[in-house]
Structure formats: structure tokens, C-alpha cells
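Listed below are the residues making up each chain.
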Amino acid sequence: MTDPEPKARSSHAADIWPLVHAERAALAADLADLTDEQWATPSLCTGLTVREVLAHLTAGASLNSVRWLAGVIRCRFDFDKQVAMRLAEQLGATAAETHDRFRHVITSTTKPPLPVMALLGETIVHAEDIRRPLGIRHNYPIETLTRVAGYYQGSDLVVAAKRRIVNLRLVANDGPFTTGSGPLVSGSTLALVMATTGRSVYCDELDGDGVEILRDRRDMT
């Protein structure tokens, strides 16, 4: 008897990739007419501009497992150094080139050795890291956000999310997502996702006795 698990994983990935591509396309469209000043705006990622975060997303869509491992070895297992190196590779000489490089990976299915759900989460979270400081609003499909919230509730891969919400009860007020037990944190699914991944500015959009606990955990790694 053959093992059905590889087929199940493949089907799951095939279901998620269109969501990744849709969010990349939406972000590229939102950033098409930015000024140089806007490209230089500090993002929600400490120390990075919105342009640099976009280059980071391009790097994630251009890096397969072999190149990822080669980079890790080259950087002597300093993962932050590897991230900075790959970002620099994709930044380009101008903001227009940064944007163009991102547009060329919109439909890419290349990825580091991470679950596709992790890539979807990264795409949405970093898109908000860019959009929020620029005052750009995007209507994410609630089904997509719910899947991302469900992923982060059970994972500390890449970002400490599961540990950040331990002993808290999260309840979305715009969709079906709910998880945990303890002091309540309620609000939009997007705000819950962003706060869960350490973006404490989104705690201002949340209600409940657990909000300040979650805010205090923003620096958890």
C-alpha cells in the first residue's frame, strides 16, 4: 500500500499557492505608484524601509532549499545574516527595480524549506508591515486570514506566534477564528494575526483583558 501523505501534502500546497499569488499581486498593484519618499518610509519591521521589506519578500520567493542551505552555511548558521544577504541581493539599484523584481515573482512557487502556509503568513504579515505605515488599506479575504490565523496559533516557525498567545483566548469578531483559553483578546482576524506575530500597534484595535498581556509579549522571539 502506498503512503497517502505525500499526495495530501501536495494537494494542500496546491490549494494555498493561489492565495499567495493573489496577495502578492494585490501588494504589487498597491505599490505601483509610490514616490521615492514613500519607498523610504520605515516599515513595521524594525530597521527596514517598506522597500527593503518588499525585497525580502522577493528573496523568499526566489530562494529554494538548496540555495537556502548554501546561504546558511556561507553565513555560518547566522540566520539573520542570511536574511540580510538575500534582501540585499533583491533590492536592486532603484525602487523601480525593487518593485519590478517583486512583480516577476508573483506567481513563483519557489520557496525555502518552509510550509506553504508559512509563506502565505509571511506574505500577509509583511504586506501589512508595508501597507500600514503608508496608510494603504487592503480587504483580505476572511477565509485567507482565518487560515493564516489558524496556522500561527499552532506554530513558532519563523516567528514566535504560538508561544506569544499561550494562556490567552483569541476571538475574531469578523470571522470564525477562535482559539485558546484565558483572558480574552478580541478583534478583527487581521489585527489578531498581526498582534500574534509581534506587531503591537495592532493591539490598539483589540479588546479584552488579555490585550495588555499580548502587547507585553511583542518582543518575544
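Residues numbered from 1 in each chain as written. Predicted model: local features only at pLDDT ≥ 70, side-chain atom pairs only at ≥ 80, totals over all residues. Heavy atoms only, no water.

1. Let's talk about the pattern of salt bridges
And then number 1: Within this structure, the stated rule accounts for 10 salt bridges.
And then number 2: Residue arginine 199 is joined to aspartate 129 by a salt bridge in which the shortest nitrogen-to-oxygen separation is 2.7 Å. Residue arginine 199 is found in the loop between helix H9 (189-196) and helix H10 (211-216), and its partner aspartate 129 is found in helix H7 (residues 116-134); the two are separated by 70 residues along the sequence. In terms of burial, arginine 199 and aspartate 129 fall into one category: buried.
And then number 3: The partner of arginine 215 in a salt bridge is glutamate 212, and the shortest N-O contact between them spans 3.2 Å. Placement of both arginine 215 and glutamate 212 in helix H10 is noted, with a separation of three residues, approximately one turn of the helix.
And then number 4: A residue is classified by how much of its surface remains accessible, and glutamate 212, at 46% relative accessible area, is partly exposed.
And then number 5: One connected set of salt bridges, linked through shared partners, spans Asp204, Glu212 and Arg215. (Salt bridge = Lys/Arg side-chain N within 4 Å of Asp/Glu carboxyl O. Helix = DSSP H or I, 4+ residues; strand = E, 2+ residues; numbered from the N terminus. Buried < 20%, exposed > 50% of the residue type's maximum accessible area, 1.4 Å probe, protein only.)

2. Regarding the side chain of arginine 24
And then number 1: Inspection of the secondary structure puts arginine 24 in helix H1 (residues 5-30).
And then number 2: Here arginine 24 occupies a buried position and makes no salt bridge, while the nearest side chain of opposite charge, glutamate 122, is found at 9.6 Å.
And then number 3: For arginine 24, the contacting residues outside a window of four places in its chain are Trp17, Ala61, Phe102, Val105, Ile106, Thr107, Ser108, Leu119 and Thr123. (Lys, Arg positive; Asp, Glu negative; His and termini not counted. Contact = heavy atoms within 4.5 Å.)

3. Comments concerning the pairing of strand S1 (residues 169-172)
And then number 1: Here S1 shows a buried face lined by Leu170 and Ala172 and an unburied face lined by Arg169 and Val171.
And then number 2: Here S1 pairs with strand S2 (residues 178-179) via two bridges, running antiparallel. Of the residues in S2, the one forming a bridge with valine 171 is threonine 178.
And then number 3: Connecting S1 to the antiparallel partner S2 that follows it, the hairpin turn spans five residues. (Pairing = 2+ DSSP bridges.)

4. A few points about H7
And then number 1: The first and last C-alpha atoms of H7 sit 27 Å apart over 19 residues, in line with the 27 Å expected at 1.5 Å per residue.
And then number 2: Among the 19 residues of H7, 17 are classified as buried, and the element is accordingly described as predominantly covered.
And then number 3: After H7 finishes, the residue glycine 135 shows a positive phi value of roughly 70°. (Expected span 1.5 Å × (residues − 1).)

5. A word on the environment of arginine 132
And then number 1: Tracing the backbone through its elements, the reader meets arginine 132 in helix H7.
And then number 2: Aside from chain neighbours lying at most four places away, what touches arginine 132 is Leu44, Val201, Tyr202 and Glu205.

6. Regarding the packing of H7 against H9
And then number 1: Their axes nearest at 10 Å, the elements H7 and H9 cross at an angle of 95°. Comparing their axes, H9 and H7 come out roughly perpendicular. On the side of H7, the interface is formed by Ile124, Val125, Glu128 and Asp129, while H9 contributes Leu190, Val193 and Met194.
And then number 2: Its residues assigned to classes, the contact of H7 with H9 comprises five nonpolar, no polar and two charged. (Axes fitted to C-alpha atoms, helices over the stretch in contact; angles between N-to-C directions. Parallel < 35°, antiparallel > 145°, perpendicular 65-115°, else oblique. Nonpolar A, V, L, I, M, F, W, Y, C, P; charged D, E, K, R; others polar.)

7. Notes on the packing of aromatic side chains
And then number 1: With the rule as written, the count across this model stands at one aromatic pair.
And then number 2: Here the basic side chain of arginine 132 rests over the ring of tyrosine 202, its NZ or CZ set 4.5 Å away from the ring centre. (Phe/Tyr/Trp six-rings, centres within 6.5 Å; stacked < 30°, edge-to-face > 60°. Lys NZ or Arg CZ within 6 Å of the ring centre and 35° of its normal.)

8. A closer look at the sheet that holds strand S3 (residues 184-187)
And then number 1: The three strands are arranged S2-S1-S3 in an open sheet whose pairing can be described as mixed. The sheet terminates laterally at S2 and S3, the two strands that pair on one side only.
And then number 2: Most of the contacts of H9 go to S1, to which it runs at about 145°, and overall it touches S1 and S3.

9. Focus on the confidence of the model for the protein chain
And then number 1: Here the protein chain averages 90 in pLDDT, while 88% of its residues score no lower than 70.
And then number 2: Within the model, the stretch residues 1-11 combines pLDDT values under 50 with zero contacts to residues more than four positions away or in other chains. (pLDDT = per-residue confidence, 0-100.)

10. A closer look at the environment of alanine 55
And then number 1: With respect to the helices and strands, alanine 55 occurs in helix H3 (residues 50-60).
And then number 2: Taking the C-alpha atoms as reference points, alanine 55 and glutamate 97, 42 residues apart in sequence, are found 9.8 Å from one another.

11. A closer look at the environment of aspartate 207
And then number 1: Mapped onto the fold, aspartate 207 is located in the loop between H9 and H10.
And then number 2: Remark: the alpha-carbon pair of aspartate 207 and leucine 184, spanning 23 residues in sequence, is separated by 7.7 Å.
And then number 3: Look past the residues within four positions of aspartate 207 in its chain and what remains in contact with it is Leu184, Val185 and Ser186.

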